[in-house]
4 protein chains.
Amino acid sequence: MNIGVIGTGNIGTEHIRRLAGHVSGARPGAVFDVDTERAGAIAAAVGASVHREAHDVIDDPAVDAVLIASPGDTHAELVLACIAADKPVLCEKPLATTSGAALKVVEAEAAHGRRLVQVGFMRRYDPGYLQVKSVLDSGQIGEALMLHCVHRNPSVPPTFTTDMTLTDSVVHEIDVTRWLLDQEIVATTVLGGRQSPLAADGLRDPKLVLLETDAGVLVDVEIFVNARYGYDVRCELVGATGTVTLDTPSTGTVTRNGGRAQPIHPDWQERFSQAYVDELQAWVAGLARGVTGGPSVWDGYAATAVAEACISSRGTRTTVDLADRPSLYRSTP
Amino acid sequence: MNIGVIGTGNIGTEHIRRLAGHVSGARPGAVFDVDTERAGAIAAAVGASVHREAHDVIDDPAVDAVLIASPGDTHAELVLACIAADKPVLCEKPLATTSGAALKVVEAEAAHGRRLVQVGFMRRYDPGYLQVKSVLDSGQIGEALMLHCVHRNPSVPPTFTTDMTLTDSVVHEIDVTRWLLDQEIVATTVLGGRQSPLAADGLRDPKLVLLETDAGVLVDVEIFVNARYGYDVRCELVGATGTVTLDTPSTGTVTRNGGRAQPIHPDWQERFSQAYVDELQAWVAGLARGVTGGPSVWDGYAATAVAEACISSRGTRTTVDLADRPSLYRSTP
Amino acid sequence: MNIGVIGTGNIGTEHIRRLAGHVSGARPGAVFDVDTERAGAIAAAVGASVHREAHDVIDDPAVDAVLIASPGDTHAELVLACIAADKPVLCEKPLATTSGAALKVVEAEAAHGRRLVQVGFMRRYDPGYLQVKSVLDSGQIGEALMLHCVHRNPSVPPTFTTDMTLTDSVVHEIDVTRWLLDQEIVATTVLGGRQSPLAADGLRDPKLVLLETDAGVLVDVEIFVNARYGYDVRCELVGATGTVTLDTPSTGTVTRNGGRAQPIHPDWQERFSQAYVDELQAWVAGLARGVTGGPSVWDGYAATAVAEACISSRGTRTTVDLADRPSLYRSTP
Amino acid sequence: MNIGVIGTGNIGTEHIRRLAGHVSGARPGAVFDVDTERAGAIAAAVGASVHREAHDVIDDPAVDAVLIASPGDTHAELVLACIAADKPVLCEKPLATTSGAALKVVEAEAAHGRRLVQVGFMRRYDPGYLQVKSVLDSGQIGEALMLHCVHRNPSVPPTFTTDMTLTDSVVHEIDVTRWLLDQEIVATTVLGGRQSPLAADGLRDPKLVLLETDAGVLVDVEIFVNARYGYDVRCELVGATGTVTLDTPSTGTVTRNGGRAQPIHPDWQERFSQAYVDELQAWVAGLARGVTGGPSVWDGYAATAVAEACISSRGTRTTVDLADRPSLYRSTP
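Each value, and the rule that gives it
- Residues numbered from 1 in each chain as written.
- Chains lettered and ligands numbered in written order.
- Predicted model: local features only at pLDDT ≥ 70, side-chain atom pairs only at ≥ 80, totals over all residues.
- Heavy atoms only, no water.
- Axes fitted to C-alpha atoms, helices over the stretch in contact; angles between N-to-C directions.
- Helix = DSSP H or I, 4+ residues; strand = E, 2+ residues; numbered from the N terminus.
- Parallel < 35°, antiparallel > 145°, perpendicular 65-115°, else oblique.
- Left-handed = near helix turned anticlockwise from the far one by under 90°.
- Contact = heavy atoms within 4.5 Å.
- Nonpolar A, V, L, I, M, F, W, Y, C, P; charged D, E, K, R; others polar.
- Buried < 20%, exposed > 50% of the residue type's maximum accessible area, 1.4 Å probe, protein only.
- Pairing = 2+ DSSP bridges.
- Salt bridge = Lys/Arg side-chain N within 4 Å of Asp/Glu carboxyl O.
- UniProt positions renumbered as here; feature names shortened; annotations may be inferred.
- Buried area = accessible area lost by both parts, 1.4 Å probe.
- Polar contact = N/O pair within 3.5 Å; in protein donor to acceptor, adjacent residues only side chain to side chain.
- Arc of directions from axis to C-beta.
- Least-squares fit on C-alpha atoms with pLDDT ≥ 70 in both.

## Examining the packing of helix α6 (residues 127-138) of chain C against helix α7 (residues 162-181) of chain C
All names here are of chain C. The interhelical angle for the contact between α6 and α7, taken along N-to-C directions, is 30°, at an axis separation of 10 Å. Put simply, α6 runs roughly parallel to α7. In terms of crossing hand, the pair formed by α6 and α7 is right-handed. Contacts from Y129, L130, V132, K133 and L136 of α6 reach α7 at E173, V176, W179, L180 and L181. In the contact of α6 with α7, the residues fall into 8 nonpolar, no polar and 2 charged.

Below is the structure:
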């Protein structure tokens, strides 16, 4: 399988590295980036061709499938082109920057009649989240009643806005909630906590985001992007008879200087590195069988719509109104 | 020190047992209960006298201090009698069943001019909570921004109402919040999660209680009184540069049958048994020096007022309006 | 109960503090120390009388029971005096500095015909060790097959010798082994590990001590008295179908600076502070009922004999030959 | 890279599955097994050819490198054939069933002049062991002084002998010790613990294995192959100023039925599944660069020699006498 990669920023470059050295059955075959020089250097290192336009990657007959890792505002249009070209595509989140644009992609793929698009919610491939889902689905903790989430970044660049804490960060908990519970989110409330003295001017941080599902499950998410100490993602799913916790993955403990300590990942790339490999491997294995699975454009649309409702909420409960779900996406998300 | 104990239900009996066998410098000297037979048997076992009326305990010249463990609706009146008799008293929570009644006690003690009353918020003596406070006060995690709490009981008797989940259970988190942060709570919102199929008819369980302090710290409390698996109280205090967690206390791990497990306490008596001993010991040590410390009637009043606001809130934010704080209680709570 | 305390060094002073403020039913009534000034100051602080000779404490008719915390080489003779005076005594370990001297105490008490002496192996009162014993005795991990122990001190004074690592430190694991398993130790081998660069000249540190019980259970003990990072005592008891672990007791976790950490105690006083209180409380409660329980002089003798065998072993297996066990000590140790 | 796989038992089949679906840059190209039918079915499933003799795989010009997963007593001869054919080979442990046979392989490869052979000690690729090594090498716990290891299997087949607990199980700790510490093992003592009532007749289980390195580090290994509760491999490396622990890897906790539990792997395949993938990926990546790294035939020889010494030891200290180390293996093992 030759994979055409659009976008060679950090995420795209990491995907190319993984395709070249950690995924069976695929190789990075073609590359595009607006920074032609960077694209060329990366392509040369892995023996891939370089294209002058993003659409050239999609149209390249040697490219069997496309991986989109360009800036978010280019995603929807590129995915539509892939659908039009009947070419499988893995699109990094977000699927689109507005729910309206995402819905157009949903409608296009639904009209096309079969799934071509997987959206890059990699947490669904994380061993920890898979264990949480497996425990819930086994019935050993009873039905889900509540979900507590924590999402902390050590810091963010100066360009990171309050809205981005919802569309770029909390969007992962939005998808995780829908996937773990197999329920849609119908309302959301965003509350400010005490402002961190380390947050940039104008950035509201930390916040508590409440999500309500159509089955009445209440989800609370602490989003805190100036936590300083490390990248920390945890959750506890509360069932009727027990709970399951996603802990910080740990393989060892260092005891020194008066304490017994487990290290915490410095950033999300390191925290989810195995999830990214497993996501790509599952996608490629599906391509070989002609099947696209994983998070769908409907998941991408719903996540964007909920994130939009979060932005609208300024301390008040905001409902989420989704379009009708096409039959292509009727199965369990 | 001869301690007069009013009320020999479960809590009172446990207190008598501790006074007789685990607290230095005091003994249970006199006992009253409406169940005279029970009171007599317990008194005989520890060599205490029995009184026919609660007020006889207070008036007994051989009683140096009073411990009130009778039903909650008798507390305020008995504490007022202790103040009138100038006799130190440890009153189990609640101080009163309404904030109005609690305020009358505040006013009475403030008029009396010095503290005689300690309210039985025993969590302030728990080694785990003390560690949380110590870490926060040390400055090593920066200033407090958020507090996440979980409060789970395995089950409750059929008489336990939705209001009692707030006045009897969450009231502990209300006091802990005020004590840990040294801030007043100014607003509260109570939200229902998905109803547990194991909760009794008419009991709304579990719920998420949000508390906001005058410094803007947001506190979320999961209250779940049908959690089945055990009694579980935990919290994570989020500071600007780190967090401190109150874990389930553990001294050992049992590895068998495919898992490595730490036991969880079956009930609050076992969970907080050491806290109760330390609370009594600290109270008795203070009596010997003529000093009453620990949670004050102001703390009892504020906790009741916040719990009332929680009852009023049915999904909507409700503000808490406290009376003016008398100068007697101006110091750190 | 008036307790006469002989020896007001660190341990004795701590015992007096506990008797005065943390133990129900007893008070420090008389005190002796070779440092008369120190003894006087401590006695004055708790309202106790001061004696000029250790034996005056034992002979004082106002003293109901004696607590011996003087240097180890004075213990045996003082305990013999207590037996002669028919006065209950709690003797800090070691019971004697040689097994021969300890055996004389065994013979004296056996001749006396009933137990008066408890030896101060406080670990038997630690909640963690009690949990290990409770899990083993419950049968849930099957019969005991092996025991792995770690015993680490951050550092020791310059006067601490290689022999003392066995007689003062490992002696606790010797007693714990006998008590947990209810088996005698029949052989021991002491092996040197790589020498710590931080150990004083002439001090062999760390070492691995192997103990074999009469039922064939193999026990390994790492003794390391220059571990620097803290005071750390742990063990794992391996049964036929599972294991139970004594962990470092923990009530909280601090997450900062890239790690999630549980503090470790700085020294044994802090680690076993609750065990010491519970030991004294159990002893005093027994005195009130006229009963002496806990570790016996036989336990003190056996521990000393095994420690002597450890000293004799220099890399070679050394057998332990105990005297006949008098019927007074035939019951479960 | 076309990989020829010799042996399609459990381990060989798992390797083929990994090569076909989880390793970048390689595919299973040819297969042999004495069970021709089984080999044919597996080859067909992944599009590989089948050979009638093991040596045909080695000689197949379409095979770029060989993976040996046949029974241990065939390894040495097949590896020698690979060296003679100048073909890279990954040989499952053991390299040979006697140290004499292993030494012949060492001499053959040394005569060949460059490394072709990697021995399958997969633990060196486990994230947990890599963290232990990384912490030690960072200097943050000081120099290594002791190493405590636990190696438990839930059960073994009836054919598993006491010697095999050393050559097949403890051999992993032998290699880990040499690799972590970069030291040779010079002596060993094997001691029996109390016999498990669940061990088969004639199987001595559990045992304590002591290893001493040329730098004086003492290593103790509990080997217990009837532990019942799960597959459990842990170690604690004790440094001069701190320790590092290999914990059971965990990503989540399930709280129910009165306890908080982390699952333990049922067997070594699941425990080390990621280590096997990473081992193969590293080997294949090296092949692409013309480099063979990882555990060498010297490591395979030394491990076999130490395991032989363990077998010789029946409670007595047995020294290990290694041949001279050829210069090809002079670098860090």
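## Quick notes on the pairing of strand β7 (residues 144-152) of chain A
Where a strand is regular, its side chains alternate between the two sheet faces. Residues and elements named next belong to chain A. Most of β7 is tucked away: 9 of the 9 residues are buried. Relative to strand β11 (residues 232-239), β7 is paired through 8 bridges, and the arrangement is antiparallel. Its bridge partner lying in β11, H148 is registered against E236. One ladder, built from 7 bridges, connects β7 with strand β10 (residues 218-224); its direction is parallel.

## Comments concerning unusual backbone geometry
Here the amide bond leading from A:K93 into A:P94 is cis, since omega sits at 0°, within 30 degrees of zero. Relative to the helices and strands, A:P94 resides in the loop between β5 (89-91) and α5 (99-112). For the bond running from B:D205 to B:P206, omega is 0°, close enough to zero to count as cis. Mapped onto the elements, B:P206 comes out in the loop between β8 (185-192) and β9 (207-213). Notably, B:D182 is not glycine yet its phi reads approximately 55°, a positive angle. Relative to the assigned elements, B:D182 resides in the loop between α7 (162-181) and β8. Of the residues examined, B:D182 reaches a relative accessible area of 38% and is grouped as partly exposed.

## Some points on the sheet that holds strand β4 (residues 65-68) of chain A
Residue and element names in this part refer to chain A. Pairing is parallel in the open sheet, where 6 strands are placed in the order β3-β2-β1-β4-β5-β6. Edge positions in the open sheet fall to β3 (49-50) and β6 (117-119), since each of these has one partner strand only. On the sheet, helix α1 (residues 10-21) packs against β1 (2-6), β2 (27-32) and β4 and is oriented at approximately 155° with respect to β2. Against the sheet, helix α9 (residues 273-288) engages β1, β4, β5 and β6, with an angle of about 155° to β4.

## Quick word on the pattern of salt bridges
Residues and elements named next belong to chain A. The final tally for this structure, using the stated rule, is 76 salt bridges over all chains. Linking E14 and R18 is a salt bridge whose minimum nitrogen-to-oxygen distance equals 3.9 Å. Here the residue E14 and the residue R18 both occupy positions in helix α1, the gap between them amounting to 4 residues, near one helical turn. Looking at E14, the relative accessible area reads 25%, which means it is partly exposed.

## Observations regarding the UniProt feature "domain: Gfo/Idh/MocA-like oxidoreductase C-terminal" (unreviewed entry) in chain A
Mapped onto the present numbering, the UniProt feature "domain: Gfo/Idh/MocA-like oxidoreductase C-terminal" (unreviewed entry) falls on residues 133-322 of chain A. Taken end to end, residues 133-322 of chain A is 33% helix and 32% strand, and its first and last C-alpha atoms sit 25 Å apart.

## Quick word on the interface of chain D and chain A
As a measure of interface size, the accessible area lost when the parts come together is often cited. Facing 32 residues of chain D, the contacting portion of chain A comprises 32 residues. By the criterion of area lost to chain A, the three top residues of chain D are D:S24, D:Q131 and D:T251, representing 24% of everything that side buries. Across the contact surface, chain D and chain A share 0 salt bridges. Here chain D and chain A share 18 residue pairs in polar contact (both at pLDDT 80 or more) between them. Those elements giving two or more residues to the side of chain D that touches chain A turn out to be α1 (10-21), α6 (127-138), β12 (242-256), β13 (259-263) and α9 (273-289) of chain D. Considering each element in turn, the side of chain D that touches chain A owes the most residues, 15 residues, to β12(D). The residue makeup of the side of chain D that touches chain A, split by class, is 11 nonpolar, 19 polar and 2 charged. Relative to β12(D), strand β12 (residues 242-256) of chain A runs antiparallel, the two sharing 11 bridges. Bridge pairing in β12(D) links A:V244 to D:V254.

## As for helix α2 (residues 36-46) of chain C
Residue and element names in this part refer to chain C. Every buried residue of α2 is listed here: A39, I42 and A43. An end-on view of α2 places all buried positions within 100° of arc, on one side of the element. Across α2 from its buried face, at more than 90 degrees, point the exposed residues E37, A44 and A45. Positive phi appears at G47, one or two residues downstream of α2, with a value of about 75°.

## Focus: the relation of the copies chain C and chain D
The transform that puts chain C on chain D rotates by 180° and translates by 0.0 Å along the axis, for an RMSD of 0.0 Å. A rotation of that kind, with that shift, is consistent with a two-fold axis. When you check the interface residues of chain C against chain D, 100% turn up at the interface there too, and the contact is symmetric in its surfaces.

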